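# Structural overview for review
Here are the chains, one letter per residue:
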Amino acid sequence: MATLLMGFENSNGTMTDKRTGEVIQWDNMIIHVMSNDRAETNGWFCDHIKCKSKNAVVLGSESLEALLYHPVYLQYDITAKEPTISAIIASPPDCTIVYPIFPCISPAPAGKDK
């Protein structure tokens with residue numbers, strides 16, 4: 001089973017609670033992954049996982065950018081009200097994963113794929 005980090009984005013801002021008028025700030029990370037780790041799905045599927053930016057701790061790599069298109073493990077904190085991501089962990093370099101074929105991602109430099 002594998003999970004590939006395909007992208008991520010930061011979503012932050014403020015909103016006003018209609019009942020109390022309180023201004024609420026949020027700072028979330030949305031992590032885009034492809035995985036074949038769902039028993040009810042044949043093949044690969046895409047998922048978008050939201051977590052608090054402060055919880056997007058990267059282990060085994062210098063940054064999320066360095067993990068793009070690589071296998072990762074998502075560690076969850078199951079003691080919270082809802083399970084939330086507590087770390088994004090780089091997969092060991094010796095793991096064997098059969099990658100899906102992405103027609104939009106080509107190893108050939110632009111203009112050389114004729």
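### Brief notes about the overall build of the protein chain
When helices and strands are counted, the protein chain shows one helix and six strands. The linear arrangement of helices and strands in the protein chain, starting from the amino end, is β-β-β-β-α-β-β. Looking at the protein chain as a whole, 30% of its 114 residues are labelled buried. Excluding contacts between residues fewer than 6 apart, the proportion of contacts in the protein chain whose partners are at least 24 apart in sequence is 48%. Total accessible area computed for the protein chain in this model is approximately 8,300 Å², and 54% of it derives from carbon and sulfur atoms.

### Here we look at the side chain of Asp 17
As for its position among the elements, Asp 17 is in the loop between strand E1 (3–16) and strand E2 (23–35). Of the side chains with opposite charge, Arg 19 lies nearest to the buried Asp 17, which makes no salt bridge, at 4.1 Å. At 2.8 Å, the side chain of Asp 17 forms a polar contact with the backbone nitrogen of Arg 19. Once residues within four sequence positions are removed from consideration, Asp 17 is found in contact with Glu 22 and Ile 24.

### Regarding the sheet that holds E1
Strand order in this open sheet of three strands is E1-E2-E3, and the pairing throughout is antiparallel. The open sheet has two edge strands with one neighbour each: E1 and strand E3 (45–52). Neighbour-to-neighbour, the strand axes of this sheet turn through a mean angle of 20°, independent of strand direction. Examined bridge by bridge, E2 and E3 share eight bridges and lie antiparallel to one another. Following the sheet pairing, Met 34 is matched in E3 by Cys 46.

### Description of the confidence of the model for the protein chain
This prediction gives the protein chain a mean pLDDT of 81; 80% of its residues lie at or above 70. Every residue in residues 110–114 is under pLDDT 50, and counting partners more than four places away or in other chains gives one contact.

### Some words on unusual backbone geometry
With phi around 65°, Tyr 69 is a residue other than glycine that occupies positive phi space. Relative to the helices and strands, Tyr 69 resides in the loop between helix H1 (64–67) and strand E5 (72–77). Classification of Tyr 69 by relative accessible area gives partly exposed; the value is 45%.

### Structural notes on the sheet that holds strand E6 (residues 84–90)
With respect to topology, three strands assemble into an open sheet ordered E4-E6-E5, the strand pairing being mixed. With partners counted over all chains shown, the strands left at the sheet margins are strand E4 (58–59) and E5, one partner each. Where E5 and E6 come together, six bridges link them in antiparallel fashion. When the bridges of E6 are listed, Leu 74 appears paired with Ile 88.

### Here's the deal with the layout of surface pockets
Roughly 210 Å³ of volume is contained in the largest pocket. Forming the boundary of the largest pocket are Asn 28, Ile 49, Lys 50, Cys 51, Lys 52, Asn 55, Tyr 76, Lys 81, Glu 82, Pro 83, Thr 84 and Ile 85. Of all the secondary-structure elements, those providing two or more residues to the lining of the largest pocket are E3 and E6. At four residues, E3 tops the list of elements feeding residues into the lining of the largest pocket. Residues belonging to the lining of the largest pocket are distributed by class as follows: five nonpolar, three polar and four charged.

Rules used throughout
- Residues numbered from 1 in each chain as written.
- Predicted model: local features only at pLDDT ≥ 70, side-chain atom pairs only at ≥ 80, totals over all residues.
- Heavy atoms only, no water.
- Helix = DSSP H or I, 4+ residues; strand = E, 2+ residues; numbered from the N terminus.
- Buried < 20%, exposed > 50% of the residue type's maximum accessible area, 1.4 Å probe, protein only.
- Contact = heavy atoms within 4.5 Å.
- Areas by Shrake-Rupley, 256 points an atom, 1.4 Å probe, with all protein chains shown as cover.
- Lys, Arg positive; Asp, Glu negative; His and termini not counted.
- Salt bridge = Lys/Arg side-chain N within 4 Å of Asp/Glu carboxyl O.
- Polar contact = N/O pair within 3.5 Å; in protein donor to acceptor, adjacent residues only side chain to side chain.
- Pairing = 2+ DSSP bridges.
- Axes fitted to C-alpha atoms, helices over the stretch in contact; angles between N-to-C directions.
- pLDDT = per-residue confidence, 0-100.
- 1 Å grid on protein atoms, 1.4 Å probe; cavity = no way out; pocket = protein on both sides within 12 Å on 5 of 7 lines; lining within 4 Å.
- Points joined across faces, edges and corners; volume = space filled by probe spheres on them.
- Nonpolar A, V, L, I, M, F, W, Y, C, P; charged D, E, K, R; others polar.

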